[in-house]
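# Chains, contacts and geometry: an overview
Residues per chain are reported as follows:
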Amino acid sequence: MSNVASKAYGLTILSPIREKIAQGVSGSVLTRSVIEDLKLHQHSPFAKVANTYLARLYVLNDVMFQGYPEQEDHLKSKYLVFASNFYGDLDEYLTGLWHGAQADVKQIWAHCYDFESVTDEASFLIYMKKCQLETTFFFNGSVGLGEDDISLNEQLKALYLKQEFAKFVWNNQSLSPNELKAAFIEFSHITQPNQPEPSWAPGHSDIAQG
Amino acid sequence: MSNIAGKTFAMNVITPIKGVNFYINKVIFWFANTKLASSRLGGLATLSLIHYARWVLIGKDQFPHLHPDQPKEDLHYNYMLFHSNFNGSWDQYVDSFHKAIPKGLDLLWRKNVKYPGSVPLQPFHAYINFNQIWTSHYYSAYPSAAVNDVKSAKKVKTALVALTDKVETLSDQAFKEAYDEMLIDLQHDVSVMEDTPVVSLASQAVKDRRAKYQETISMNSDKVIPIQRTANK
């Protein structure tokens, strides 16, 4: 199945937007306004959805006219595009999206056709699968040869250790063997390489934008 | 509105495909998934820029139609939607694609309307730029990490877990030797990550980063002690 490469799932959702909300009010403009105002990094709604590696939202206004002598095409609806790359199973992911970011989901999809049919987890999954497009070709550059993707929690732990260990190496140069061993033991007690915590939070950024 | 989340850039491109070529391209993409395609597409992996990239062929009747009030699409062409997540600037990325897999690109964008070919570069740049759509919200679970950071972190973790597991059983000298051996193996993998955005927008971020780390990490080269690999026993 092309939606999957290694253990990563590539999800593409196109949700048609109801354009005429009220006199002078455009559904696509409202939708774009909502998604542009979403908070970033660790404050993004997707930081609350387990195993989301990378996700994006945008409004597909129209297709591009390539110029004469080609024919001019126009979409009759604008579409909210949601594309996500995540670890694991689709149903589990969509369930996590519903429960982890429900308020944001309702706001983001508020002006999409048929979203009024979404009342619970089950109807949300049905709706999203109606909007899903099958990936034709999926390239996964995040894994080395012969490797598989790991869960986001494992990935964040690995990145946390890489970061902290780089600082440790720099700060503990030219120590005697017993000093180095003692420092490494202390480092291991603090960073707990064998344990899931401490770790980076999803979306963690030192230049956080709220 | 941003195409950037830390070190990662989002690209969205939608292009039309004429007539029967849509179905021929489906077969080509099936072929791209096989090992036989590695000669044309193997360069993708060597780029080390791309987290994930996807191509989605959308038939003219396949745009989701969910409600009787929604007008049905009436299109002349079928379409291909391309989503990429990559590191570096837009120019670096497009140039790298063009350099590493020119034949692969021509395969992936085969018979898309007005596709100029991947060589020469400037028409290809213009084509991608013209058909690109800006992202409104972009999220990365690890904005500080590039693709190579993601890969190297796994290696660092594995090595640290192994050394942690045996540290208490080693004498001080044996530990030092094991530690030095590990560092030599990880010399390409140990680095401090930052959220520096793409090169073309990075000047202020680089300045902020240097100011932030000035107090904690000295950049004087005379503080770096080379590690001597011990003789095999």
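For every chain, the first residue of the written sequence is number 1, and numbering continues from 1 along that sequence. All chains are assigned letters beginning at A, and all ligands numbers beginning at 1, according to the order in which they are written. Given that this is a predicted model, residues contribute local features only at a pLDDT of at least 70 and side-chain atom pairs are listed and counted only at 80 or more, while totals for whole chains, interfaces and linings are drawn from all residues. With hydrogens and water stripped out, all remaining heavy atoms of the structure feed into the side-chain values.

## Things to note about the overall build of chain A
A count of helical and extended segments in chain A gives six helices and eight strands. Every helix listed is a DSSP run of H or I at least four residues long, and every strand listed is a run of E at least two residues long, numbered separately from the N terminus. When the helices and strands of chain A are placed in sequence order, the string is β-β-β-β-α-β-β-α-α-α-β-β-α-α. For the C-alpha atoms alone, the extent of chain A along its principal axes is close to 75 × 40 × 30 Å. Remark: exposure states derive from per-residue accessible area (1.4 Å probe, protein chains only) relative to the maximum for the residue type, with buried under 20%, exposed over 50%, and partly exposed in between. Scored against the burial criterion, the 210 residues of chain A give a buried share of 56%. For chain A, long-range pairs separated by at least 24 residues make up 71% of all intrachain contacts whose partners lie at least 6 apart in sequence. When the accessible surface of chain A is totalled, it reaches about 8900 Å², and 51% of it is carbon and sulfur. Charge counting treats Lys and Arg as positive and Asp and Glu as negative, with His and both chain ends excluded. For charged residues, the charge sits on one atom: NZ in Lys, CZ in Arg, CG in Asp, CD in Glu. Taking the 16 positively charged and 25 negatively charged side chains of chain A as two groups, their mean positions are separated by 4 Å. Contacts between residues were defined by any pair of non-hydrogen atoms, one from each residue, lying within 4.5 Å. Note on areas: Shrake-Rupley, 1.4 Å probe, and residue coverage restricted to the protein chains presented here.

## What to know about the domain arrangement of chain A
All names here are of chain A. By the assigned domains, chain A splits into domain 1 (4–133) and domain 2 (152–209). For domain 1 versus domain 2, the distance between C-alpha centres works out to 36 Å. The junction of domain 1 with domain 2 conceals about 760 Å² of combined surface from both sides, 53% of it contributed by carbon and sulfur atoms. Salt bridge, as applied in this entry: a Lys or Arg side-chain nitrogen positioned within 4 Å of an Asp or Glu carboxyl oxygen. Summed over the shared surface of domain 1 and domain 2, the result is zero salt bridges. The definition of a polar contact used here is a pair of N or O atoms within 3.5 Å, where within protein one atom must be able to donate a hydrogen and the other to accept one, and adjacent residues in sequence count solely through side-chain atom pairs. At the boundary of domain 1 with domain 2, the tally comes to two residue pairs in polar contact (both at pLDDT 80 or more). Here the residues of the side of domain 1 that touches domain 2 are counted per class, giving three nonpolar, five polar and no charged. Domain segmentation is taken from an automatic or database assignment of domains. Put simply, buried area is the surface a 1.4 Å probe can reach on two separate parts but cannot reach once they are joined, added for both. Each residue is assigned to one class: nonpolar for Ala, Val, Leu, Ile, Met, Phe, Trp, Tyr, Cys and Pro, charged for Asp, Glu, Lys and Arg, and polar for all the others, Gly among them.

## Focus: the packing of helix H5 (residues 152–171) of chain A against helix H7 (residues 147–166) of chain B
The axes are straight lines fitted to the C-alpha atoms, using for helices just the contacting stretch, and the angles between their N-to-C directions are given from 0 to 180°. Where H5(A) contacts H7(B), the two axes come as close as 8 Å, and the packing angle between them is 80°. Comparing their axes, H7(B) and H5(A) come out roughly perpendicular. Residue-level inspection shows A:Glu154, A:Gln155, A:Lys157, A:Ala158, A:Leu159, A:Leu161, A:Lys162 and A:Phe165 of H5(A) in contact with H7(B), the latter providing B:Asp149, B:Val150, B:Ser152, B:Ala153, B:Lys154, B:Val156, B:Lys157 and B:Leu160. By residue class, the composition of the contact of H5(A) with H7(B) is eight nonpolar, two polar and six charged. Roughly parallel refers to an angle under 35 degrees, roughly antiparallel to one over 145, roughly perpendicular to one between 65 and 115, and oblique to any angle outside these ranges.

## Here's the deal with the interface of chain B and chain A
Chain B puts 104 residues into the contact, and the matching count from chain A is 107 residues. By the criterion of area lost to chain A, the three top residues of chain B are B:Tyr52, B:His137 and B:Tyr139, representing 10% of everything that side buries. Summed over the shared surface of chain B and chain A, the result is four salt bridges. At the junction of chain B and chain A, the tally comes to 48 residue pairs in polar contact (both at pLDDT 80 or more). Looking at the side of chain B that touches chain A element by element, the count peaks at 14 residues for H7(B). Class assignment of the residues belonging to the side of chain B that touches chain A gives a composition of 59 nonpolar, 26 polar and 19 charged. Pairing geometry for strand E8 (residues 137–140) of chain A and strand E3 (residues 50–58) of chain B, over four bridges, is antiparallel. Bridge pairing links A:Asn140 to B:Tyr52 in E3(B). Here the rule is simple: two strands pair whenever DSSP picks up at least two bridges between them.

## Describing the packing of aromatic side chains
Here the aromatic set is Phe, Tyr and Trp, taking the six-membered ring for Trp, and pairing holds for ring centres within 6.5 Å; pairs whose planes are under 30 degrees apart are stacked, those over 60 apart are edge-to-face, and all others are tilted. Here the structure, examined in full by the defined rule, presents 33 aromatic pairs over all chains. Between the aromatic rings of B:Phe86 and B:Tyr93, the centroid separation amounts to 3.6 Å while the plane-to-plane angle is 5°, which identifies the pairing as stacked. Given a relative accessible area of 1%, B:Tyr93 falls into the buried group. Grouped by ring-pair contacts, the aromatic residues A:Phe165, A:Phe168, A:Phe184, A:Phe187, B:Phe175 and B:Tyr179 constitute a single cluster.

## Some points on the packing of H7(B) against helix H8 (residues 172–185) of chain B
Residue and element names in this part refer to chain B. Put simply, H7 and H8 touch, their axes get as near as 11 Å, and they point 170° apart. Considering the angle they form, H7 stands roughly antiparallel to H8. For the pair formed by H7 and H8, the contact residues are Lys 155, Ala 159, Leu 160 and Leu 163 on the first element and Phe 175, Ala 178, Tyr 179, Met 182 and Asp 185 on the second. Its residues assigned to classes, the contact of H7 with H8 comprises seven nonpolar, no polar and two charged.

## Here's the deal with helix H2 (residues 90–100) of chain A
Residue and element names in this part refer to chain A. Within H2 the residues assigned to the buried category are Leu 90, Tyr 93, Leu 94, Leu 97 and Trp 98. For H2, the arc enclosing every buried residue in end-on projection is 135°, short of the 170-degree limit, so these residues lie on one face. In this structure, H2 carries Glu 92 and His 99 as exposed residues pointing more than 90 degrees from its buried face. On its buried side, H2 packs onto strand E2 (8–17), strand E5 (52–60), strand E6 (78–87), helix H3 (102–108), helix H4 (121–131) and strand E7 (132–133). Capping the start of H2 is the job of one residue whose side-chain oxygen sits 3.2 Å from the backbone nitrogen of Asp 91: Asp 89. Read the arc as the range of directions from the helix axis to the C-beta atoms.

## Quick look at a nonpolar patch on the surface
All names here are of chain A. Side chains of Ile 21, Val 25 and Leu 30 sit close together on the surface and give an oily, nonpolar patch of about 190 Å² of accessible area. Along the chain, Val 25 falls in strand E4 (residues 25–26). Taking the relative accessible area as the measure of exposure, Val 25 reaches 31% and is therefore partly exposed. What goes into a patch is any residue over 30% in relative accessible area without a salt bridge, connected to like charges within 9 Å or, for nonpolar side chains (Val, Leu, Ile, Met, Phe, Trp, Tyr), within 5 Å.

## Observations concerning the pattern of salt bridges
Throughout the structure, instances matching the rule amount to 12 salt bridges over all chains. Note that B:Lys7 is salt-bridged to B:Asp149, the shortest N-O span being 3.1 Å. With B:Lys7 in the loop between strand E1 (4–5) and strand E2 (8–17) and B:Asp149 in helix H7, the pair connects residues that are 142 residues apart, well separated along the chain. Neither residue differs from the other here; B:Lys7 and B:Asp149 are each classed as buried. A network of salt bridges, in which partner residues are shared, links A:Arg18, A:Glu116 and B:Asp69.

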